[in-house]
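For reference, the chains in residue letters:
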Amino acid sequence: MYTQSTSFTGRQFRPRHPAPSPHVLDGAIEYVTTFFLDPLDSGPYLCMTRLAAACKVLSHEWNTHVTAVSKTRFAKSRPRLLRAAMEFMAYKESAFERTQIVKYLLHCTHGCKSCPMMPLEDPTDAESLNEAYHTLLSVPIILVSQILVKALSELTRNKFRNPKPGVEPYHQPWPTSPEDLCPGGIPDTIKGISFWAEKSYSIGDPVPSVVMLDLAANLASFHRPFARECMRPPYRLGLLQPLVQLHESVLMPSFPQIHIPKMSSLMYENEILPVASVIETLLFCDREAFIEMMVNTKEEVLPIIGRLTTRLAELPASVWGSHIVMLKGLAAMAKATKDTPTGAWIIPTNVTHEFNRAKAVVYNRAFDIRSTFEVMVPVRKGGCWNIACPSTGESGMPKLRLCSQCDLLRYCGKKCQKEAWKHPEYPHKELCTQVRSFKEQLGPEVWASLWVPGFDVSTFTLPPPVKEAADPELAEDIGGNLALLMAAKSNHAKN
């Protein structure tokens, strides 16, 4: 088994040594970029020691940027590196080309003392070739993929950067177009990312798979055609690989340690959240296509979902409970049947509640009373909440007609309110009943105080009698359903 550590990331890592000089950093980035652009042409100048040294310099610089803003600024400043990495990942090398690259890396001709000590042998078949290729190049791929994620994270969906006049193409802001985002085409980009996310080549090390799935989630979130392509056969990057990674994470030998709240939160943030975001993003993009993907893979995914659900039930519900709900929702989708006349997917009635709860979790998070207030305040400020209405549901819209029962959601008029009341997926009837009950628990004084101008939920505290009367599970349902409604309204407006 080829092994090579890729665990070089580490959150909030502050290097003991000063950052590399600009000259050294630029040389390291140019070395990695040149390799990505044309690995065969750079072969005579390539060796594993030099590539590793360049990656070490780049990694050191990357980790000196400890804030998200600083990391994003650095990522945006290196568009040529980002383009080169995306081209390389989508490039379909022949077996001969891949073999040549591996030989260049394994057989240094520069007299480097470290290279002859590489504990790898020449590959003898296709599988060992892929394994060697993955092992040798996973560090630069994973490192630059983290930089790509930061560059993508601040982009507005489907809004590409504007080209700058007089700037060479490779130095233009990235990305300026769909072709610039995926220069090898979306299908080949998906295949490439799927290769680097493959678990069989990095057994015991979750970093390659987690980082590549995080990159896939960010690409899918930014560019809908990428998300839709992920939901076409063979469904590896969009579903099967994320589920396998989730399964491996919770079955690892150190699993008992994540009963400790701090360990549980770290694992959730570092391993689970980036992987689950692939599934969440695709569901948000196209519900019908996602359910079809689930149904077509149910023989493979249902056993994995069952084992995951059982395993997560042993962990603290405060961190993992929402994901159990999501898994039950995924299982419900896999069991869906198609209505022949309409062609729509029908979720079994006995699991509809779990499915709706799962969607709410997917689109946002598990809610407590305080975070539910955070959602309720902007929702009540304005905008028509009939999903089919062309007006937006965002805060800051002119004051419209409040529902007299829940005193929370607004509508343009009776027509919109009537349509929303019996909406097939997001009926106001159910939400209205929940909000009325919650309003009664809070009492008229607390309820009225939520809408006073300048209300600050971060400093607000419920009076002890009200805190005792308020139902946290009801608040969670309301917060989740409002988040779901907001996401659906936003999605409808963008489409």
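Treat the numbers as computed from the prediction; the structure is a model and nothing was measured. (Residues numbered from 1 in each chain as written. Predicted model: local features only at pLDDT ≥ 70, side-chain atom pairs only at ≥ 80, totals over all residues. Heavy atoms only, no water.)

### Details of the overall build of the protein chain
Note the following rule: Counting from the N terminus, the helices are DSSP H or I runs at least four residues long and the strands are E runs at least two residues long. Summary of the burial criterion: residues with accessible area below 20% of their type's maximum are buried, those above 50% are exposed, and those between are partly exposed, where the area comes from a 1.4 Å probe applied to protein chains only. In this analysis, two residues are considered to be in contact whenever any of their non-hydrogen atoms come within 4.5 Å of each other. We get accessible surface area from the Shrake-Rupley algorithm with a probe of 1.4 Å; when it comes to residues, only the shown protein chains can shield them.
Within the protein chain one finds 21 helices and 4 strands. Classification of the 495 residues of the protein chain by burial places 51% in the buried group. The long-range fraction of contacts in the protein chain, counting pairs at least 24 apart against all pairs at least 6 apart in sequence, stands at 75%. Accessible area for the protein chain stands at about 23,500 Å²; split by element, carbon and sulfur atoms hold 56% of it.

### Remarks on helix H9 (residues 207–222)
Given 3.6 residues per turn, any residue in an α-helix points the same way as the ones three and four places further on. Here is the rule: Expected helix span is computed as 1.5 Å times (number of residues minus one).
Compared with the 22 Å implied by 1.5 Å per residue over 16 residues, the 23 Å span of H9 between its first and last C-alpha is a close match. Burial analysis of H9 places 14 of its 16 residues in the buried class, which makes it a mostly covered element.

### A look at the packing of helix H8 (residues 186–196) against helix H11 (residues 236–250)
Using the following cut-off: Lines fitted to C-alpha atoms define the axes, with helix axes restricted to the stretch in contact, and inter-axis angles between N-to-C directions lie between 0 and 180 degrees. Orientation labels follow simple angle bins: below 35 degrees gives roughly parallel, above 145 gives roughly antiparallel, 65 to 115 gives roughly perpendicular, and whatever is left gives oblique. Each residue gets one of three labels, nonpolar for Ala, Val, Leu, Ile, Met, Phe, Trp, Tyr, Cys and Pro, charged for Asp, Glu, Lys and Arg, and polar for the others, Gly among them.
The contact between H8 and H11 brings their axes to 11 Å, and the two run at 10°. By the angle class used here, H8 and H11 are roughly parallel. Residues Ile 190, Ile 193 and Ser 194 of H8 pack against Arg 236, Leu 237 and Gln 241 of H11. In terms of residue class, the contact of H8 with H11 is made up of 3 nonpolar, 2 polar and 1 charged.

### Description of the packing of aromatic side chains
To keep it simple, the criterion reads: Note on aromatic pairs: the rings of Phe, Tyr and Trp (six-membered ring only in Trp) are paired at centre separations within 6.5 Å, and the planes decide the class, stacked below 30 degrees, edge-to-face beyond 60, tilted for the rest. Counted as over-ring charges are cases with an Arg CZ or a Lys NZ within 6 Å of the ring centre that also lie within 35 degrees of the ring normal.
Under the criterion given, the structure shown has 14 aromatic pairs. Ring centres of Phe 373 and Phe 460 lie 5.9 Å apart, and the angle between their planes is 70°; on these two criteria the pair is classed as edge-to-face. Pair noted here: Phe 373 is in helix H17 (residues 369–380) and Phe 460 is in the loop between helix H19 (428–449) and helix H20 (464–469), with a separation of 87 residues, a long-range link. Taken together, the aromatic side chains of Phe 35, Phe 36, Phe 88, Tyr 133, Phe 195, Trp 196 and Tyr 201 make up a single cluster linked through ring pairs. Positioned over the ring face of Trp 62 is Lys 71, at 4.2 Å from the centre of the ring. Looking at Arg 98, its charged tip hangs above the ring of Phe 195, at a distance of 4.8 Å from the centre.

### Some points on unusual backbone geometry
With the exception of glycine, most residues fall at negative phi, and the peptide bonds are largely trans. Cis geometry marks the peptide bond from Trp 174 to Pro 175; its omega dihedral reads -5°. For Pro 175, the position within the fold is in the loop between helix H6 (126–153) and helix H7 (178–181). Residue Asp 407 is not a glycine yet carries a positive backbone phi of 55°.

### Examining the nonpolar core
Under the convention used in this document: The set of buried Ala, Val, Leu, Ile, Met, Phe, Trp, Tyr and Cys residues whose side-chain atoms join them within 4.5 Å is what this entry labels a nonpolar core.
Counting 104 residues, the largest nonpolar core has Phe 36, Leu 137, Phe 226 and Phe 290 as the members making the most contacts within it. In contact with Phe 226, other than residues within four places in its own chain, are Cys 182, Ile 186, Thr 189, Ile 190, Ile 193, Ala 216, Leu 219, Ala 220 and Leu 237. Among the nonpolar cores identified, the runner-up in size contains 39 residues, and Val 375, Cys 406, Ala 470 and Leu 474 belong to it.

### Comments concerning the side chain of Thr 281
In this structure, Thr 281 sits in helix H12 (residues 261–285). The class of Thr 281 is buried, set by a relative accessible area of 15%. The contacts of Thr 281, once residues within four sequence positions are left out, are Ala 217, Ala 220 and Ser 221.

### Quick notes on the confidence of the model for the protein chain
To be explicit about the condition: A residue's pLDDT is simply how confident the predictor is in it, with values from 0 to 100.
Looking at the protein chain as a whole, the pLDDT averages 81, with 78% of positions reaching at least 70. The low-confidence segment residues 1–19 (pLDDT under 50) makes 48 contacts with residues lying over four places distant or belonging to another chain. Contacts from residues 393–398, a stretch scored under 50 in pLDDT, to residues over four places away or in other chains number 17 contacts.

### A few points about the pattern of salt bridges
We count it as follows: A carboxyl oxygen of Asp or Glu within 4 Å of a side-chain nitrogen of Lys or Arg is what we treat as a salt bridge.
Applying the stated criterion across every chain yields a total of 13 salt bridges. The partner of Glu 93 in a salt bridge is Arg 98, with the nearest N and O atoms 2.8 Å apart. Since its relative accessible area comes to 13%, Glu 93 is described here as buried. Residue class for Arg 98 comes out buried when judged on its relative accessible area of 13%. In this structure, the salt-bridge partner of Asp 407 is Arg 380, at a minimum N-O distance of 3.1 Å. With Asp 407 in the loop between strand S3 (401–402) and strand S4 (410–411) and Arg 380 in helix H17, this pair connects stretches of sequence that are 27 residues apart. It is possible to trace a salt-bridge network through shared partners that takes in Lys 76, Glu 154 and Arg 161.

### Description of the environment of Tyr 411
Short version of the rule: N or O atoms closer than or at 3.5 Å make up a polar contact, with two conditions inside protein: a donor-capable atom paired with an acceptor-capable one, and, for residues adjacent in sequence, both atoms drawn from side chains.
Of note, Tyr 411 is situated in strand S4. Residues Tyr 411 and Cys 389, spaced 22 residues apart in sequence, show a C-alpha to C-alpha distance of 9.1 Å. Each residue touching Tyr 411, except ones within four places of it in the same chain, is listed here: Cys 384, Trp 385, Asn 386, Leu 400, Arg 401, Cys 403, Cys 416, Gln 417, Ala 420 and His 428. Among the polar contacts made by the side chain of Tyr 411, one reaches the side chain of His 428 at a distance of 3.3 Å.

### Some thoughts on the state of the cysteines
Put simply, the rule is: Two cysteine sulfurs form what is called a disulfide whenever their separation falls within 2.5 Å.
On inspection of all chains with the given rule, the structure shows 0 disulfides. Here Cys 416 is not cross-linked by a disulfide; its sulfur's nearest cysteine counterpart is in Cys 384, at 3.7 Å. Overall, the relative accessible area of 11% leaves Cys 416 in the buried class.

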